[in-house]
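Geometric and topological summary
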Amino acid sequence: QVRLQQSGPGLVKPSQTLSLTCAISGDSVSSNSVIWNWIRQSPSRGLEWLGRTYYKSRWHYDYARSVESRITISPDTTKNQFSLQLHSVTPDDTAVYYCARDVHGTYGSYDFWGQGTLVTVAS
Amino acid sequence: DVVVTQSPLSLPVTLGQPASISCRSSQSLLYSDGNTYLTWFQQRPGQSPRRLIYKVSHRDSGVPDRFSGSGSGTDFTLKITRVEAEDLGVYYCLQGSHWPPIFGGGTKLEI
């Protein structure tokens, strides 16, 4: 059974960097058959896909246009996890952040989710 | 981007009675490989979303058979034959046929 365990601070100051990690068990971050995603949820934006990474011959990264200038998703093969960094945050980035897995060829059918992390951007 | 619209926003239900949720997309979700990538998720209060149905009508293992998905093109429906108390929460559809993946705004199932 795949399990995704999220960690990271729940409070970030405006203009700083939001950093979260998603530790994977029951699968591999470098598996050729899966994709690792970050999704957030807020009352104003609903559920919003932010970005993804996957390995197929090399590492691939895709980001939502709304955040692509300030987002970084990084895999860590030594710890079997992947991380999210969102730079220059504002209060509008306050949301519950989720990591989620989908399988190649299923196009967004996220079958496993992390437990969610509420991140508040405030001074 | 594709626009995904769910209705209603809120659905008052009676336990034991049927319920139906609509999801409409601004473009056909029929993908070039012949599949339609429309997924339904359930989110109970305080929990992460849980996938119920993928590719319009394929129910995940462990999902009760009172849940069913149907539709094609731009119009899709999630039906519950007899609502149980554990079904209360918010339901989301997601389109994956067009980039980027887009969630609907959600439908809250409540008594």
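You'll find the structure just up there.
Calculation criteria
- Residues numbered from 1 in each chain as written.
- Chains lettered and ligands numbered in written order.
- Predicted model: local features only at pLDDT ≥ 70, side-chain atom pairs only at ≥ 80, totals over all residues.
- Heavy atoms only, no water.
- Pairing = 2+ DSSP bridges.
- Helix = DSSP H or I, 4+ residues; strand = E, 2+ residues; numbered from the N terminus.
- Axes fitted to C-alpha atoms, helices over the stretch in contact; angles between N-to-C directions.
- Polar contact = N/O pair within 3.5 Å; in protein donor to acceptor, adjacent residues only side chain to side chain.
- Contact = heavy atoms within 4.5 Å.
- Buried < 20%, exposed > 50% of the residue type's maximum accessible area, 1.4 Å probe, protein only.
- Buried area = accessible area lost by both parts, 1.4 Å probe.
- Salt bridge = Lys/Arg side-chain N within 4 Å of Asp/Glu carboxyl O.
- Disulfide = S-S within 2.5 Å.

**Here's the deal with the sheet that holds strand 7 (residues 67-72) of chain B**
Residue and element names in this part refer to chain B.
- Spatial strand order, 1-3-8-7: four strands in an open sheet with antiparallel pairing. Only two strands of the sheet have a single partner each, and these edge strands are strand 1 (4-7) and strand 7. For this sheet, the mean angle separating the axes of adjacent strands, direction not counted, is 15°.
- Bridging between strand 1 and strand 3 (residues 19-25) involves four bridges; their strand directions are antiparallel. Each bridged residue has a counterpart across the sheet, and for serine 7 the counterpart in strand 3 is serine 22.

**Points about the sheet that holds strand 3 (residues 18-25) of chain A**
Residue and element names in this part refer to chain A.
- Strands sit in the order 1-3-8-7 across an open sheet of four strands; the sheet is antiparallel. Each edge of the open sheet is held by one strand with a lone partner, namely strand 1 (3-7) and strand 7 (71-76). Between one strand axis and the next, the sheet turns through 20° on average, direction left out of account.
- Here strand 3 runs beside strand 8 (residues 81-86); their pairing, made up of six bridges, is antiparallel. In the sheet register, leucine 18 faces strand 8, and the bridge partner there is leucine 86.

**So, the side chain of Arg51(B)**
- Along the polypeptide, Arg51(B) turns up in strand 5 (residues 50-54).
- A distance of 2.9 Å separates a polar atom in the side chain of Arg51(B) from the backbone oxygen of Ser109(A).
- Within the structure, Arg51(B) has its side chain in polar contact with the side chain of Asp60(B) (distance 2.7 Å).
- Beyond its immediate chain neighbours, meaning those up to four positions away, Arg51(B) contacts Ser109(A), Tyr110(A), Asp111(A), Thr39(B), Trp40(B), Phe41(B), Asp60(B) and Val63(B).

**Some thoughts on the environment of Cys22(A)**
Residues and elements named next belong to chain A.
- Following the sequence through the fold, cysteine 22 ends up in strand 3.
- By relative accessible area, which is 0% here, cysteine 22 ends up buried.
- C-alpha of cysteine 22 to C-alpha of glycine 116: the two residues are 94 residues apart in sequence and 9.9 Å apart in space.

**Points about the interface of chain B and chain A**
- Listed per partner, the contact involves 19 residues of chain B and 20 residues of chain A.
- The contact between chain B and chain A buries some 1,600 Å² in all, and 59% of this surface belongs to carbon and sulfur atoms.
- Our count for the contact surface shared by chain B and chain A stands at one salt bridge.
- A salt bridge links Asp1(B) to Arg65(A); the shortest N-O distance between them is 2.4 Å.
- Put simply, the parts of the chain that give the side of chain B that touches chain A at least two residues each are strand 4 (38-43), strand 5 and strand 9 (89-95) of chain B.
- Looking at the side of chain B that touches chain A element by element, the count peaks at three residues for strand 4 of chain B.

**Considering the state of the cysteines**
- The final tally for this structure, using the stated rule, is two disulfides over all chains.
- There is a disulfide in this structure between Cys22(A) and Cys99(A), and the S-S distance comes to 2.1 Å. Taking the torsion about the sulfur-sulfur bond, which here is approximately 65°, the covalent link between Cys22(A) and Cys99(A) counts as right-handed. With Cys22(A) in strand 3 and Cys99(A) in strand 9 (residues 95-103), this pair connects stretches of sequence that are 77 residues apart. Cys99(A) carries the same exposure label as Cys22(A), and that label is buried.
- A sulfur-sulfur separation of 2.1 Å characterises the disulfide bridge that pairs Cys23(B) with Cys93(B). Residues Cys23(B) and Cys93(B) are joined by a disulfide whose S-S torsion is about 80°; by sign, that bridge is right-handed. With a gap of 70 residues between them, Cys23(B) in strand 3 and Cys93(B) in strand 9 connect regions that are remote in the sequence. Residues Cys23(B) and Cys93(B) agree in their burial class; the two are buried.

**A word on the environment of Leu47(A)**
- The topology assignment puts Leu47(A) in strand 5 (residues 46-56).
- You can call Leu47(A) buried: its relative accessible area is 6%.
- On a C-alpha basis, the gap between Leu47(A) and Tyr98(A) in space is 9.7 Å, while along the polypeptide they are 51 residues apart.
- When residues no more than four places from it in sequence are discounted, the contact partners of Leu47(A) are Ile39(A), Arg40(A), Gln41(A), Pro49(B), Tyr92(B) and Phe103(B).

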